[in-house]
Amino acid sequence: MKLTRRNFLAWAGLSAIGAVACDVIQDEELSLQSPRSLPEDLVKGRDNWYATLGRQATDGEGVIVRVMEGRAKKIQGNPKYPVNQGKQSVRSEVGLQTLYHPDRLSGPMLRTGPRGSGQYRSIQWEPEALDILRRELRANSQGMVLITEPLRGTLGMIADRFTSSLGGRHLGFEALDDTTYRSAIKRVFDQDRLPDFDIGNANYVISFGADFLSTWKGSTRLATAYGEFRQGNRRQTQGSRGYLVHVDPRFSLTAANADEWLPIRPGMEGYLALSLAYVIISEGMQAEGVDVDALTNGQGAAALAAFAPEQIAARLGIPEQLHEGKSAAEKIRDLANNFSHHGPAIALGGDSAGAHTNGQFNLMAIYALNYLVGSLGSGGGVRFNPGSPLAMLPDAARMGSTADWATVASDIRSGVTRLVLVHDANPVHGLPDAVGFQSAVSVGDPFVVSFSSFMDETTIMADLILPDRNFLEDWGDDVPEPGPGYEVIGMQQPVVNPLSDLDPRSFGDILLSMAQEMGQESELPFANVEAALKACVEGLYATGRGTSGEAGSADELWNLMLRQGGWWDESTSGPTPSAPNGLLSDIAAQGREPGYAGSGDFYLLPFSHNTLLDGRHAHIPWMQGLPDPVTTVTWQTWVELNSHTAEAMGLREGDVVSVGTDAGSITGVLYPNPALPPNVVAVPLGQGRTSGSDYATGGDPRESSNVLDILSASHLTENGTLAWAGHRASVRATGASLKVAKFEGIFPAREIGHTAGEAVIRVTNH
Amino acid sequence: MQEGRVLSTREVNRDLLRSILDTPRWFWPVVTVLGLILLIAAIAVGIMVNRGLGVTGLNRPVAWGFFITNFVFWIGISHAGVMLSAILRLAKAEWRRPATRAAEVLTLFSLMTAMVMPIVHTGRPWRILYWVFPYDFARGIWPNIRTPLVWDPSAILTYLTSSTLFVAIALIPDFAVLRDHTTGIAHRVYSVLAMGWEGNARQWKLQIVAGVLLSALILPVFVSVHSIVSWDFGMAVAVKSWHSTVFAPYFVVGAVHSGVSAVAFALILLRWCYGWQDYIRHEHIDALGRLLIVVATGWFYFLVMEILFGMYGREADELMVRQTQFTYWPYNFWFILFVITTYFIPVALWLSRAWRRNLWIMSIACISVNVGMWLERFLIIVPGLINKQLFTFVWADYRPSIFEYIIIGSTFALVTMLMLLFSRVFPLVPLYDVKEGDVLKTQVQIGRRTVPATFRED
Amino acid sequence: MVTSRIDHKWGMVVDLDRCNGCQACVIACQVENNIPINDKNAFLQNRAYEWIRVERYWEGEYPNIKARFIPVMCQHCQDAPCEPVCPVFATYHNDEGLNVQIYNRCVGTRYCINNCPYQVRFFNYWHPNWPERMQNQLNPDVTVRTRGITEKCTFCIQRIRRGQLQVERRGGGELNDATLKSGNHMPACVQACPTNALTFGDQNDVHSPVQPYFEDVNRYNIHHEKERKTRGYRVLEEMNTRPNVIYLKKVDPNLDSSGGHHG
Ligand SMILES: Nc1nc2c(c(=O)[nH]1)N[C@H]1C(S)=C(S)[C@@H](COP(=O)(O)OP(=O)(O)OC[C@H]3O[C@@H](n4cnc5c(=O)[nH]c(N)nc54)[C@H](O)[C@@H]3O)O[C@H]1N2
Ligand SMILES: Nc1nc2c(c(=O)[nH]1)N[C@H]1C(S)=C(S)[C@@H](COP(=O)(O)OP(=O)(O)OC[C@H]3O[C@@H](n4cnc5c(=O)[nH]c(N)nc54)[C@H](O)[C@@H]3O)O[C@H]1N2
Ligand code: SF4
Ligand code: SF4
Ligand code: SF4
Ligand code: SF4
Ligand code: SF4
């Protein structure tokens, strides 16, 4: 084509139009069209999702498990299960790694070397392994002790009946047990079951020490409620965002999420709670219909006069710089004001608040606050769970306190207990050395049988190891606690078979068959756990309530329960307790300050590790490799000190420091935490494992310690559990330094944006 | 005043072919040592490819480190050849003559070495084909022409091709001389390479025209290569300090700075090795020194501007990168060292005529420049990545591993070895160019003095 | 295969006010996507993989100190800086708004890693180390990456694809919020998040809970509306990467308008 002026103008015009057109049409995402389907399109094979229970999470979560070609692939929350409502805790999914762990014990083993040497030889279940068990039960069942993880439901029933009928004892073990919490609930509310907190509908929550967003009872359920509490649908329309105050001498994950964090002297939580009560009563701010006279034996505020803010503020150790310009007493009064005026409100407490010599007093004072603001049984308040729908199924685990363990140890030592059975519990690691459990086993030389699937400090003391099936390979059930406020039974079914190179047997089945061989047919008339479950389901069907109403027969109910993961009856509800007379004055009378064991510059605050808990998950690489939410440290024992304190002591991140109490000392790597109170040293549990999988024990000994080892076992609460939060410790540099295995980078993580537009996390005040 | 005596053709041939026709005593031991270094590096690369880049000190967020630094460095060195040959040839700068060949060859070898770097630095170097060459017809997906990583190989390969041509054409007359001085297989090889050169007028004319044309053609390539290398960084919107607007010219000038210094040093080394005092003379080194003052100062201006522009926007993360460069250990140390060695030490030395003519001092100055320029690339690449963006949570440091040191070190051995081997088969100082220069030198007479036809007088 | 595709444009909304930093999303993503085990060295060498990570920022000084959490996953930028720099199109944009990574093509230049402003791309410095028995748990829908390549959050594309396939198998209809939820096709992190801080959905679907937030932010960013109606914003908005992830501002009732805290 010849380029004429006419042509040129025409083309110029056309291209101008084209350009404009291109500009008008919104340019969408730049995308490359590939003529082929992409690898991501290739989805092959069929998967099945089975509903069962996630035993890896301490509170028993309902889960669904994805199974393909006989292999479990994913564990996630069961949306139908009322407790966790389709969500799961960080600890839930790792069931997969316990199932397919390379260090899983493959079959029965008999000790060949000296006790604790870890020398075993493999034996066959039949007849050798079971014969030995039979022999030991016949000879030594009187006085035997069965130590398990907290067990509820059918397995709890089997364990209880098995031991009681054969003349032994069953005790649940947890390193930081909940005995004090239970007894406080019992005394304040006269309830045997743990309450459920309707945080989702509350407007104001004061939490004392309970790390309920991380490791405390029912944390998954409470986290879901917390989401609602912040930005639930109702809140978004009404603009009533919940307000969270966390009272805690340590900067926990819950403290990190609180709108206000109030660090106080460890163990003074009860004082603060009663002080709030005093302000509420003296200013008449209690909820309508609350009979203050009954609560205080007619004395009114005078009953709590000793706890008036002005009286005790100085002793609480509230930092002066907190909300600059206000005295501590004013801060307490403000808090009481807000708490009583922004209902529905909840006061809850636990963890370190209850782990002091005055722990029961603390927790009672805290929970009694709920009466004052009228939050019992109401929406957005504290509600109680009904008991188990079947009398046969225990709804609360039978737990041992430190005092119980001391008794067990002395029984073993004196030969009263000749047989020790252990299932998924690790008292050797989880009890302070001073309790002497391990030495008792060495001295008393009982026959020890472990039903664990993994080597650990207790199992390595065993004479006979009879590995249990993984929970994904076995039957079971659960009466969840804390429950959702109505009756629930969770159903656990085998979703995969054990791999061919593994030969585990169900712990429950063994107990049942042994009981029958010992002539306890009448106590435990079930062929196996599955049969026991079927019996339960028949019982449930007979009630005709809840899920049972949807099934035409017990068999149908069985299938339905397997499909949906359990049975529940939403129409049931727990009791609404009323306050015992004179509750507040009684509590006030018990009021005393905490005692601290030992001396040292710092309050020692051990805490449960977000993923390893007390160390039971230390062999799971996923759990070791998941950063702690606040410090982001992994794979190590870290020691938290306030950053300025650390600096003043000449300590830097990664310095190996020794934390010493009267009972001993441990080492860990220093993590300077800008949010920790200057007089506190915080150390997580979880590491310091000495036997078992390399994942648990492989670390440098300087960065893997068990803080429980330095607690003095004689430092107990009112009810004989360990006052694990009431120790003082000193911190010394060892001169060594290691790199901290943390996820956070090496520069201080503070935002650097100058303008709102540059901030990564934007914050608004409405 | 142009120095040096007039040499006969015979002398020139004898001296300049010395490196080819006799083997100096140090030659094989040196080559063996270099070979050993390369062998160790090859093993290091082997392990790295086999086990993964985990053996390096790279991490998140520092995904590029020593290898890319070294890549940019060698690309920079490669700019000397064209700078000297093409520009000076077009500018008819007389003093260039002995320097051109060495400079061009250095260009070739440093380019080749540079190309190795991004390849070994990739996670799967064996897949290099479908990155660099558009072969992947089957799936209908061609290399992504939007990425500087595709511009890079295009520019570099173009530069390599044109530089090779440039060297080859300049070599033809010398091949003819070699053909005439050798026997046996060497004679036959040189015969082929000389392509029937007879030295007649037409051949000379063609050869000179080709040289001039290539010089002109290669200039845009020369500018674009390092501009494109700078766009490896300039295109990275996410890395603060990587997309300074002055990067392209800044990199080009920096490349000339380091490249010419490297050539000056290489010339001093060759003069010393092969006793070429009559060819590589003080006046040549002096002239390079003077040129370098100008280049260095231009480069310094860009450096200051780069920092100034970077800070001017007052973006929080850009300021953090600068803070890291200037104040954090060890980057503050490297930064000070970099500025001193790249500019203040060498320029101070070059300002004195006597020092420009002192080969020891010149060597120190030239090495200093290259130490500094290596640090410059490192200080551009790494601090930016350490403090990449506003997510301060992921900032992390970078400590190169022994593997990186070995491989980086070996590239210097590689270039040295290639240069040495080349000098054994091809003349590193162009015979005909020197002869031509001598011819010109004797031609012009002004008054009673014989003045060479050079572009300037002392 | 997938024949009749509805015009999806996936998006995620992250409510910073709900997120409590619990990391359930992190582990869920690792399980779902065969992310290599982060051993201790991974952390010591700063090479840990977390397709979704929860960052914790400090603000203020003790005792008036706050820790703020932000989960960060691939933002699936509509103008993704990682895409144009990849020489081999190993990372590119698909027609559902996702930034996709084809492991097979990746040569491991790590340019995309440098160019991602959100730091969500992870390079396999080592070969992933899976104990033999643990290989049984690997998700067959997701490639196990080898050393030398880059990986990142895919918005769990395998779950979306399975969802599309299943919806088709069950007689058509479209993959929408209801089918995503009921069929377990939500991205693993969204499914896990106990506080429901993460919401996933189709921006093109007016019924999707994510849609209003995208609309609001787009109105503000593109159409220069003065005020945002929601707490929505995009991280590093000024980079114009136009992420398909929207964050909802954290609420701090104690924040005064000057940006500081009052007592
Ligand atoms: N807000 C703001 N705006 C600015 C500036 C600023 O600082 N701030 N700076 C201004 C300045 S200084 C400038 S120079 C302009 C730059 O503005 P533009 O000139 O628009 O710059 P580019 O984005 O480089 O666009 C060039 C186009 O040419 C295409 N292209 C590349 N190579 C070739 C080729 O060989 N042939 C053809 N036909 N096309 C090719 C590219 O793909 C691209 O689409 O921007 C100006 N605009
Ligand atoms: N990475 C990258 N590099 C490029 C380009 C590119 O697109 N990207 N484009 C190239 C082109 S075409 C050009 S023209 C150059 C431009 O290169 P520069 O001239 O460097 O251009 P800018 O970065 O636009 O502006 C430089 C600085 O001036 C500041 N400034 C703004 N307003 C004023 C003012 O009123 N007074 C003063 N004193 N300063 C002011 C800006 O904030 C910025 O920090 O960059 C070239 N290089
Ligand atoms: S967030 Fe990063 S990886 Fe994801 S699309 Fe954006 S630039 Fe790419
Ligand atoms: S690392 Fe892989 S995905 Fe990233 S730019 Fe290089 S080839 Fe592309
Ligand atoms: S390995 Fe996969 S991508 Fe490569 S050629 Fe074979 S089928 Fe194709
Ligand atoms: S969307 Fe999927 S891949 Fe992305 S972070 Fe969530 S779980 Fe991981
Ligand atoms: S799971 Fe949810 S609440 Fe927990 S860190 Fe992730 S986004 Fe936040």
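Located above this text is the structure these notes cover.
Owing to the predicted nature of the structure, the values given are computational and were not obtained by experimental measurement.

## Looking at the overall build of chain C
Then, in step 1: Scanning chain C for helices and strands turns up seven helices and eleven strands.
Then, in step 2: A globule of 263 residues ought to have a C-alpha radius of gyration of about 18 Å, and chain C, at 19 Å, matches this closely.
Then, in step 3: Dimensions along the principal axes, computed over C-alpha positions, put chain C at roughly 55 × 50 × 35 Å.
Then, in step 4: For chain C, the proportion of its 263 residues judged to be buried stands at 73%.
Then, in step 5: Within chain C, residue pairs in contact and separated by at least 24 positions form 63% of the contacts whose partners lie at least 6 positions apart.
Then, in step 6: Across chain C, 31 positive and 29 negative side-chain charges occur, with their mean positions spaced 5 Å apart.

## Quick word on the packing of helix α8 (residues 148-181) of chain B against helix α10 (residues 201-234) of chain B
All names here are of chain B.
Then, in step 1: Look at α8 against α10: their axes get within 9 Å of each other, and the N-to-C directions meet at 155°. In terms of orientation, α8 and α10 fall into the roughly antiparallel class. Relative to α10, α8 is oriented so that their crossing is left-handed.
Then, in step 2: A breakdown of the residues in the contact of α8 with α10 according to their chemical character gives 21 nonpolar, six polar and two charged.

## With respect to the interface of chain B and chain A
Then, in step 1: With 21 residues of chain B at the contact, the number on the chain A side is 18 residues.
Then, in step 2: Of the roughly 1600 Å² buried between chain B and chain A, counting both surfaces, carbon and sulfur atoms make up 71%.
Then, in step 3: Linking chain B with chain A are zero salt bridges.
Then, in step 4: Summed over the shared surface of chain B and chain A, the result is three residue pairs in polar contact (both at pLDDT 80 or more).
Then, in step 5: Taken together, the residues that form the side of chain B that touches chain A break down as twelve nonpolar, two polar and seven charged.

## Regarding the side chain of N136(C)
Then, in step 1: Summarising the element assignment, N136(C) is placed in the loop between β6 (122-123) and β7 (150-151).
Then, in step 2: Side-chain polar atoms of N136(C) contact the backbone oxygen of R133(C), separated by 2.9 Å.
Then, in step 3: For N136(C), the contacting residues outside a window of four places in its chain are R71(A), A72(A), K73(A), Y100(A) and L499(A).

## A closer look at the site of ligand 2
All names here are of chain B.
Then, in step 1: All residues in the neighbourhood of ligand 2 are listed as G234, H243, S244, T245, F309, Y312 and G313.
Then, in step 2: Contacts to ligand 2 include T245, whose side-chain N or O atom sits 2.3 Å from an oxygen atom.
Then, in step 3: Backbone polar atom of F309 to an oxygen atom of ligand 2: 3.4 Å apart, as the coordinates give it.
Then, in step 4: For ligand 2, whose free accessible area comes to 910 Å², the fraction covered by protein is 30%.
Then, in step 5: Along the lines of polarity and charge, the residues of the shell around ligand 2 split into two nonpolar, five polar and no charged.

## A closer look at the packing of aromatic side chains
Residue and element names in this part refer to chain C.
Then, in step 1: Applying the stated criterion to the full structure yields 71 aromatic pairs over all chains.
Then, in step 2: Of note, R145 hangs over the ring of Y103, and the distance from its end group to the ring centre comes to 5.4 Å.
Then, in step 3: R228 extends its terminal NZ or CZ atom over the ring of Y220, reaching a point 3.8 Å from the ring centre.

## Description of helix α19 (residues 554-564) of chain A
Then, in step 1: All of the buried residues along α19(A) are A554(A), L557(A), W558(A), L560(A), M561(A), L562(A) and Q564(A).
Then, in step 2: The inward-facing, buried residues of α19(A) abut β1 (48-54), β18 (487-492), α18 (529-543) and β19 (566-569) of chain A.

## Some details on helix α16 (residues 437-444) of chain A
Then, in step 1: Three or more residues of α16(A) are buried, namely F437(A), A440(A), V441(A) and G444(A). Down the axis, α16(A) shows its buried residues gathered within 100° of arc, on one side only.

## Considerations on the interface of chain C and chain A
Then, in step 1: Across the boundary between the two partners, chain C contributes 103 residues, which contact 115 residues of chain A.
Then, in step 2: Our count for the chain C to chain A interface comes out at nine salt bridges.
Then, in step 3: The residue R56(C) makes a salt bridge to E744(A) at a minimum N-O spacing of 2.9 Å.
Then, in step 4: Applying the counting rule to chain C against chain A returns 44 residue pairs in polar contact (both at pLDDT 80 or more).
Then, in step 5: The residue inventory of the side of chain C that touches chain A, partitioned by class, reads 44 nonpolar, 25 polar and 34 charged.
Then, in step 6: The sheet contact formed by strand β26 (residues 763-764) of chain A and strand β11 (residues 250-251) of chain C spans two bridges and is parallel. Residue pairing for β11(C): T764(A) is matched across the bridge by V251(C).

## Some words on the pairing of strand β9 (residues 204-208) of chain A
All names here are of chain A.
Then, in step 1: Within β9, five of the five residues are buried, which leaves it mostly tucked inside the rest of the structure.
Then, in step 2: With burial as the criterion, each face of β9 is covered, one bearing Y204, I206 and F208 and the other bearing V205 and S207.
Then, in step 3: Judged from the five bridges that link them, β9 and strand β10 (residues 243-247) form a sheet pairing that is parallel. When the sheet's bridge partners are listed, F208 is paired in β10 with V247.
Then, in step 4: Inspection of the sheet shows β9 paired to strand β12 (residues 345-349) by five bridges, in the parallel sense. The residue of β12 that forms the bridge with F208 is G349.

## A few points about the pattern of salt bridges
Then, in step 1: Tallied over the full model, the rule gives 74 salt bridges over all chains.
Then, in step 2: D395(A) is the partner of R193(A) in a salt bridge, and the nearest nitrogen-oxygen pair spans 3.0 Å. Highlighted residues: R193(A) in the loop between α5 (179-189) and β8 (195-197) and D395(A) in the loop between β13 (382-384) and α14 (402-414), separated in sequence by 202 residues.
Then, in step 3: Note on D395(A): relative accessible area 15%, which makes it buried.
Then, in step 4: Measuring nitrogen to oxygen at the nearest pair gives 3.0 Å for the salt bridge that ties R159(C) to E32(C). A residue pair is termed long-range when its members are at least 10 positions apart, and R159(C) in helix α4 (residues 157-169) and E32(C) in helix α1 (residues 24-32) qualify at 127 residues. Of the two residues examined, R159(C) and E32(C), each falls in the buried class.
Then, in step 5: The network of salt bridges with shared partners includes R230(A), R241(A), D259(A), D17(C) and K250(C).

## Thoughts on the sheet that holds strand β11 (residues 260-262) of chain A
Residue and element names in this part refer to chain A.
Then, in step 1: Across the sheet, four strands lie side by side as β11-β10-β9-β12; this open sheet has parallel pairing. Looking at strand neighbours, the two that pair on one side only are β11 and β12, the edges of this open sheet. Averaged over all adjacent pairs, the angle separating strand axes in this sheet is 15°, with direction ignored.
Then, in step 2: Against the sheet, helix α9 (residues 269-282) engages β9, β10 and β11, with an angle of about 150° to β9.

## Comments concerning the environment of F133(B)
Residue and element names in this part refer to chain B.
Then, in step 1: Relative to the assigned elements, F133 resides in the loop between α7 (129-132) and α8.
Then, in step 2: Put simply, F133 and S154 are 21 residues apart on the chain and 9.3 Å apart in space, counted from C-alpha to C-alpha.
Then, in step 3: Those residues in contact with F133 that sit more than four places away from it in its chain are P143 and L157.

## Some remarks on the packing of α14(A) against α16(A)
All names here are of chain A.
Then, in step 1: Interhelical geometry of α14 versus α16 gives an angle of 15° and a closest axis separation of 7 Å. By the angle between their axes, α14 is roughly parallel relative to α16. The element α14 and its partner α16 pack so that their crossing is left-handed. When α14 is examined against α16, the residues V408, A409, I412 and R413 are found in contact with a partner set consisting of F437, S439, A440, V441, V443 and G444.
Then, in step 2: Its residues assigned to classes, the contact of α14 with α16 comprises seven nonpolar, two polar and one charged.

## Re a nonpolar patch on the surface
Then, in step 1: There is a patch of nonpolar side chains on the surface, built from L36(B), L39(B), I43(B) and I47(B) and spanning about 360 Å² of accessible area.
Then, in step 2: If you trace the backbone, I43(B) turns up in helix α3 (residues 27-51).

## Some words on the nonpolar core
Then, in step 1: Within the largest apolar cluster, 302 residues are counted, with the highest numbers of intra-cluster contacts made by F251(A), L472(A), V681(A), Y250(B), M73(C), L198(C) and Y247(C).
Then, in step 2: Not counting chain neighbours up to four residues away, the residues in contact with F251(A) comprise A256(A), W261(A), V630(A), A675(A), L676(A), W58(C), I65(C) and A67(C).

## Looking at unusual backbone geometry
Then, in step 1: Note that the residue after R60(B), namely P61(B), is joined by a cis bond; omega there is 15°.
Then, in step 2: The residue P61(B) is located in the loop between α3 and α4 (66-77) in this model.
Then, in step 3: In this chain, Y62(C) is followed by P63(C) through a cis amide linkage whose omega measures -5°.
Then, in step 4: By the secondary structure assignment, P63(C) is in the loop between β2 (53-61) and β3 (64-72).

Quick notes on the rules
- Residues numbered from 1 in each chain as written.
- Chains lettered and ligands numbered in written order.
- Predicted model: local features only at pLDDT ≥ 70, side-chain atom pairs only at ≥ 80, totals over all residues.
- Heavy atoms only, no water.
- Helix = DSSP H or I, 4+ residues; strand = E, 2+ residues; numbered from the N terminus.
- Rg over C-alpha atoms; globule rule 2.2 N^0.38 Å.
- Buried < 20%, exposed > 50% of the residue type's maximum accessible area, 1.4 Å probe, protein only.
- Contact = heavy atoms within 4.5 Å.
- Lys, Arg positive; Asp, Glu negative; His and termini not counted.
- Charge placed at Lys NZ, Arg CZ, Asp CG, Glu CD.
- Axes fitted to C-alpha atoms, helices over the stretch in contact; angles between N-to-C directions.
- Parallel < 35°, antiparallel > 145°, perpendicular 65-115°, else oblique.
- Left-handed = near helix turned anticlockwise from the far one by under 90°.
- Nonpolar A, V, L, I, M, F, W, Y, C, P; charged D, E, K, R; others polar.
- Buried area = accessible area lost by both parts, 1.4 Å probe.
- Salt bridge = Lys/Arg side-chain N within 4 Å of Asp/Glu carboxyl O.
- Polar contact = N/O pair within 3.5 Å; in protein donor to acceptor, adjacent residues only side chain to side chain.
- Near = heavy atom within 4 Å.
- Areas by Shrake-Rupley, 256 points an atom, 1.4 Å probe, with all protein chains shown as cover.
- Phe/Tyr/Trp six-rings, centres within 6.5 Å; stacked < 30°, edge-to-face > 60°.
- Lys NZ or Arg CZ within 6 Å of the ring centre and 35° of its normal.
- Arc of directions from axis to C-beta.
- Pairing = 2+ DSSP bridges.
- Patch = residues over 30% accessible without salt bridge, like charges linked within 9 Å, V, L, I, M, F, W, Y side chains within 5 Å.
- Core = buried A, V, L, I, M, F, W, Y, C linked by side-chain atoms within 4.5 Å.

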